[in-house]
2 protein chains.
Amino acid sequence: MNFYTFTEHNLRHFTENVFLKMGCPPADAQLAADVLLRSDLRGIDSHGVARLSGYVRLWKKERINATPDIKIVHETATTATVDGDRGLGLVVAPFAMKIAIEKARTYGSGWVAVKNSNHFGIAGYHALMAVAEDMVGISMTNASPLVAPTYSSERLLGTNPMCYAFPAGKYPPVVVDMATAAAANGKLEIAQRANLPIPEGWAQDASGNASTNPHQLKEGGSLLPLGSDKDHGSHKGYGLSATVDILSAVLSGANYGPWVPPFVSFLEPPNDPVGEGIGHFFGAMRIDGFRPAQDFKDHLDNWIARFKSAKTIDPGKQVIIPGEPEYNYEAERKKNGIPLIDAVVNDLNELARKLAIAQLS
Amino acid sequence: MNFYTFTEHNLRHFTENVFLKMGCPPADAQLAADVLLRSDLRGIDSHGVARLSGYVRLWKKERINATPDIKIVHETATTATVDGDRGLGLVVAPFAMKIAIEKARTYGSGWVAVKNSNHFGIAGYHALMAVAEDMVGISMTNASPLVAPTYSSERLLGTNPMCYAFPAGKYPPVVVDMATAAAANGKLEIAQRANLPIPEGWAQDASGNASTNPHQLKEGGSLLPLGSDKDHGSHKGYGLSATVDILSAVLSGANYGPWVPPFVSFLEPPNDPVGEGIGHFFGAMRIDGFRPAQDFKDHLDNWIARFKSAKTIDPGKQVIIPGEPEYNYEAERKKNGIPLIDAVVNDLNELARKLAIAQLS
């Protein structure tokens, strides 16, 4: 496995070109590229340009609409439901988050449920939009079913991530951005490529037996919820995933549970949909709706400093503040570029050939 | 260990009398008793009348104020911060939740952070107040430090529960009410009484080594976050607990992290507080702020029915809907009474003697 490093600028330019070729309006292509690039910059390689050709394949199957008419279909002063018109989640999500922020600016808080959307990239991107306005940012999405609830041998829930982001003062924002499964699918994919066993507690086989086989998911197995088993609280991970599913889809009118359409183009969506597309949920709350923003930031700095100086088990390892590793990646990769593995580079160049645009450089 | 069963009516009457003896106004005594009784009815025995004498001891130490002046100290249209004036959390929390519900009624959503409070009972009680109004209910609280973040050998976070509750149609509400630790402290207490080993992944010793000793917590050990270890996502449990701490306390001006005052009266609060009392956070969102309430309920019923009929690993075990076991307990105990173990009965009768009120009957 070799790495090739690209500048943020070149990779962004390439990504925008792909979205332009899909027929996205220039502003949308720019925004969608920004969401993917932010993921690569923040070190979340699984959600960045590595997925670009996946979006293109869904567009070719007409499951993604490059020129959607995204609009509010229901609202109150502080709540709204947005119909994404099968647009790129990378475009629909920031649209919805902006509405939440606008409502928060006027009324203190804003909450937007989204239906008829697609994969929205990293949850952190959207939540951080609120942080830039001195607000608490919240974002979540449901996803295609890979996770079995406690006691189930069926996959009924996605890895359904939730993200909470908070502005700090002298420290980077605290960003809790997490899948509600014990391990993200990306971690399994790494083990699949290396053909290495996975830790017990990540997955089960089609009958529900514990399994360390990384290929189990392709044979009808399931990922396990955060907590892994009942004794260790898998019902809590299941409950969190259910919460994300209900807020994102039952509230908005999207598909939920096993009806969520798959992100991959080679699997067809269920032919008995219970809603439209996949669902997201966003929130923004003005910090100064509760106390002066500077007071909050001073105390969050104090919180962070106390946790960073905690006594640790291994003196070589510090307690990590949620969002800190991604912040450090972003600083480093903005300077030194973004490394991509050869498989991703080949995939992107193959995509470029098909779309008749310039290769990666 | 023997059980004695009491009617809801008698146990409620006894509990109210205790709060009246503490000097609580009658309406507050009634409300506080209702919160505790609801916990016992719902089968969450650790958070019900078993804690009554604990509240009394804190009141005797003047750490609970029986006649608080609870008030809003900061607000916008949809957000507020409430000062609990060291009142019973059992009274402060419903006060705050009512404000969230009122704001939601007018603006679609309402969010209230609380400082200067005490233990608020079960999170589910407060969230369910919103469900009764066809709203999504959210409640959380921080708590005294028992949990070590990933890599830490220090206890910096409480078991910090979060609750999300949703109204269904023909089914009971979905109530996700969970501590963000791998195992609740109550489960450890059961193992302590029985002197039985606990599963690996619940706790660590003072140096951070994995431990199955149920008494570890008394010897400087810690509970572990949901996920148990880094490989199984303990950083996610830590992130959730941090989220609860920040929303409940950094946002409101309460104590956070290791500064949260202990619930037990024999431990003194830290002498360098960073805020006032403990903190809570509440939210309410009108369902019809997103879609007609009946549509939501119909789809949530469909969600529930699908999950209940899932293929299970053990044919004897159904997938459990969050909140369903507690709902069933409530129906059963309302009819057949509330069983208390002899240790709790003795403790309550000892309390009655001290307060010169009638014994349990």
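Keep in mind that what you see is a predicted model, and the values were worked out from it rather than measured.

What counts as what
- Residues numbered from 1 in each chain as written.
- Chains lettered and ligands numbered in written order.
- Predicted model: local features only at pLDDT ≥ 70, side-chain atom pairs only at ≥ 80, totals over all residues.
- Heavy atoms only, no water.
- Core = buried A, V, L, I, M, F, W, Y, C linked by side-chain atoms within 4.5 Å.
- Buried < 20%, exposed > 50% of the residue type's maximum accessible area, 1.4 Å probe, protein only.
- Contact = heavy atoms within 4.5 Å.
- Pairing = 2+ DSSP bridges.
- Helix = DSSP H or I, 4+ residues; strand = E, 2+ residues; numbered from the N terminus.
- pLDDT = per-residue confidence, 0-100.
- Buried area = accessible area lost by both parts, 1.4 Å probe.
- Salt bridge = Lys/Arg side-chain N within 4 Å of Asp/Glu carboxyl O.
- Polar contact = N/O pair within 3.5 Å; in protein donor to acceptor, adjacent residues only side chain to side chain.
- Axes fitted to C-alpha atoms, helices over the stretch in contact; angles between N-to-C directions.
- Parallel < 35°, antiparallel > 145°, perpendicular 65-115°, else oblique.
- Left-handed = near helix turned anticlockwise from the far one by under 90°.
- Least-squares fit on C-alpha atoms with pLDDT ≥ 70 in both.
- Phe/Tyr/Trp six-rings, centres within 6.5 Å; stacked < 30°, edge-to-face > 60°.
- Patch = residues over 30% accessible without salt bridge, like charges linked within 9 Å, V, L, I, M, F, W, Y side chains within 5 Å.
- Areas by Shrake-Rupley, 256 points an atom, 1.4 Å probe, with all protein chains shown as cover.

A.B. asks: I tried to follow the nonpolar core on my own but got confused; where do I start?
C.D. replies: Side chains of a nonpolar character, in soluble globular proteins, are inclined to be buried together. Formed by 104 residues in total, the largest nonpolar core has its most connected members in Leu 300 and Trp 303 of chain A together with Leu 300 and Trp 303 of chain B. The residues touching Trp 303 of chain B, leaving out its near neighbours within four places in the chain, are Leu 157, Tyr 238, Ala 242, Asp 245, Ile 246, Val 250 and Tyr 256 of chain A together with Ile 321 of chain B.

A.B. asks: Explain the sheet that holds strand β8 (residues 203-204) of chain B to me, please; I cannot follow it from the model alone.
C.D. replies: In sheet architecture, strand pairing relies on hydrogen bonds along the backbone and comes in two forms, parallel and antiparallel. All names here are of chain B. Pairing within the open sheet is antiparallel, and its 3 strands lie in the order β9-β8-β10. The open sheet is flanked by β9 (210-211) and β10 (222-223), the only strands paired with a single partner. Examined bridge by bridge, β8 and β9 share 2 bridges and lie antiparallel to one another. Across the sheet, the residue bridging to Ala 203 is Ser 211, located in β9.

A.B. asks: Honestly, the confidence of the model for chain A in this entry has me stumped. Any pointers?
C.D. replies: Caution is warranted with low-pLDDT regions, since their predicted coordinates should not be read in detail. Per-residue confidence for chain A gives a mean pLDDT of 96, with 100% of residues at or over 70. With pTM at 0.98, the complex prediction returns an ipTM value of 0.98.

A.B. asks: How should I be thinking about the interface of chain A and chain B in this particular structure?
C.D. replies: Often the size quoted for an interface is simply the accessible area lost on bringing the parts together. Facing the 94 residues of chain A at the interface are 94 residues of chain B. Buried surface at the junction of chain A and chain B, both sides included, amounts to about 7500 Å², of which 66% is carbon and sulfur. The interface formed by chain A and chain B contains 2 salt bridges. Arg 306 of chain B is the partner of Glu 154 of chain A in a salt bridge, and the nearest nitrogen-oxygen pair spans 2.6 Å. Our count for the chain A to chain B interface comes out at 42 residue pairs in polar contact (both at pLDDT 80 or more). For the side of chain A that touches chain B, the leading source of residues is helix α7 (residues 234-250) of chain A, giving 12 residues.

A.B. asks: For this particular structure, what's the right way to read the packing of helix α4 (residues 89-107) of chain A against helix α5 (residues 123-131) of chain A?
C.D. replies: The angle between the axes and the distance between the axes are what describe a pair of packed helices. All names here are of chain A. α5 packs onto α4 with a crossing angle of 25 degrees between their chain directions and a minimal axis gap of 10 Å. By the angle class used here, α4 and α5 are roughly parallel. Seen along the crossing, α4 lies across α5 with a hand that is right-handed. Along the contact surface, α4 presents Ala 93, Pro 94, Met 97, Lys 98 and Ile 101, while α5 presents Tyr 125, His 126, Ala 127, Met 129 and Ala 130.

A.B. asks: Even after reading the chapter, I still don't get the relation of the copies chain A and chain B, so can you show me in this structure?
C.D. replies: Copy one and copy two of the chain differ by a rotation about an axis and a translation along that axis. When chain A is fitted to chain B, the residual RMSD is 0.0 Å, and the transformation amounts to a turn of 180 degrees plus an axial shift of 0.0 Å. Put plainly, the chains are arranged around a two-fold axis. Judged by C-alpha distance, Gly 227 of chain A is the residue of chain A that lies nearest the rotation axis, at 2.3 Å. The overlap is high: 100% of the interface residues of chain A also sit at the interface in chain B, so the same surface is used on both sides.

A.B. asks: Which parts of the structure should I look at to understand the packing of aromatic side chains?
C.D. replies: Each pair of aromatic rings is reported with the distance of its centres and the angle of its planes. Within the structure shown, the criterion is met by 16 aromatic pairs over all chains. A centroid spacing of 6.1 Å and a plane angle of 20 degrees characterise the contact between Trp 111 of chain A and Phe 281 of chain A, whose relative ring orientation is stacked. Taken as a pair, Trp 111 of chain A in strand β4 (residues 109-117) and Phe 281 of chain A in strand β11 (residues 278-286) lie far apart in primary sequence, 170 residues in all. Relative accessible area serves as the criterion here: at 2%, Phe 281 of chain A is assigned to the buried category. Summarising the aromatic geometry, the rings of Tyr 256 of chain B and Trp 259 of chain B are spaced 5.6 Å apart at their centres and angled 80 degrees between planes, so their arrangement reads as edge-to-face.

A.B. asks: Honestly, the pattern of salt bridges in this entry has me stumped. Any pointers?
C.D. replies: When their charged atoms lie close together, side chains carrying opposite charge are able to pair. Overall, the coordinates contain 34 salt bridges over all chains when judged by the stated rule. The salt bridge involving Arg 105 of chain A is made with Glu 133 of chain A; its shortest N-O contact spans 2.7 Å. Taken together, the residues span a long stretch of sequence, with Arg 105 of chain A in helix α4 and Glu 133 of chain A in the loop between α5 and β5 (135-141) at a distance of 28 residues. On the basis of relative accessible area, Arg 105 of chain A is assigned to the partly exposed category, the value being 39%. For Asp 69 of chain B, the salt bridge goes to Lys 71 of chain B, with nearest N and O atoms at 3.5 Å. With relative accessibility at 44%, the residue Asp 69 of chain B sits in the partly exposed group.

A.B. asks: I would appreciate a short explanation of a nonpolar patch on the surface in the present structure.
C.D. replies: Residue and element names in this part refer to chain A. Together, Val 264, Phe 266 and Leu 267 line one region of the surface with nonpolar side chains, adding up to about 300 Å² of accessible area. Mapped onto the elements of the fold, Leu 267 is located in the loop between α7 and β11. Residue Leu 267 is classed as partly exposed on the basis of its relative accessible area, which comes to 42%.

A.B. asks: Could you clarify how one ought to interpret the pairing of strand β6 (residues 162-166) of chain A in this entry?
C.D. replies: All names here are of chain A. In terms of burial, β6 is a largely internal element, 5 of the 5 residues being buried. Two strands pair when backbone bridges link them, and β5 and β6 are joined in this way by 4 bridges, in the antiparallel orientation. Pairing of Ser 139 across the sheet is with Cys 163, part of β6. Where β6 lies against strand β7 (residues 174-178), 5 bridges are found, and the strand directions are antiparallel. Each bridged residue has a counterpart across the sheet, and for Met 162 the counterpart in β7 is Met 178.

A.B. asks: I'm lost on the sheet that holds strand β7 (residues 174-178) of chain B in this one. Help?
C.D. replies: All names here are of chain B. On the basis of which strands lie adjacent, the open sheet formed by 7 strands has the order β2-β3-β4-β11-β5-β6-β7 and mixed pairing. Edge positions in the open sheet fall to β2 (71-75) and β7, since each of these has one partner strand only. If you compare each strand with its neighbour and ignore which way they point, the axes differ by 15 degrees on average. Taken together, the 7 bridges between strand β4 (residues 109-117) and strand β11 (residues 278-286) define a ladder with antiparallel strand orientation. Of the residues in β11, the one forming a bridge with Trp 111 is Gly 283.

A.B. asks: Could you clarify how one ought to interpret unusual backbone geometry in this entry?
C.D. replies: For residues besides glycine, phi is generally negative; the peptide bonds are generally trans as well. A positive phi is found at Ala 356 of chain A, a non-glycine position, where the angle reads about 60 degrees. As for its placement among the helices and strands, Ala 356 of chain A is situated in the segment after α10 (342-355). Notably, Asp 134 of chain B is not glycine yet its phi reads approximately 60 degrees, a positive angle. Here Asp 134 of chain B is to be found in the loop between α5 (123-131) and β5 (135-141).

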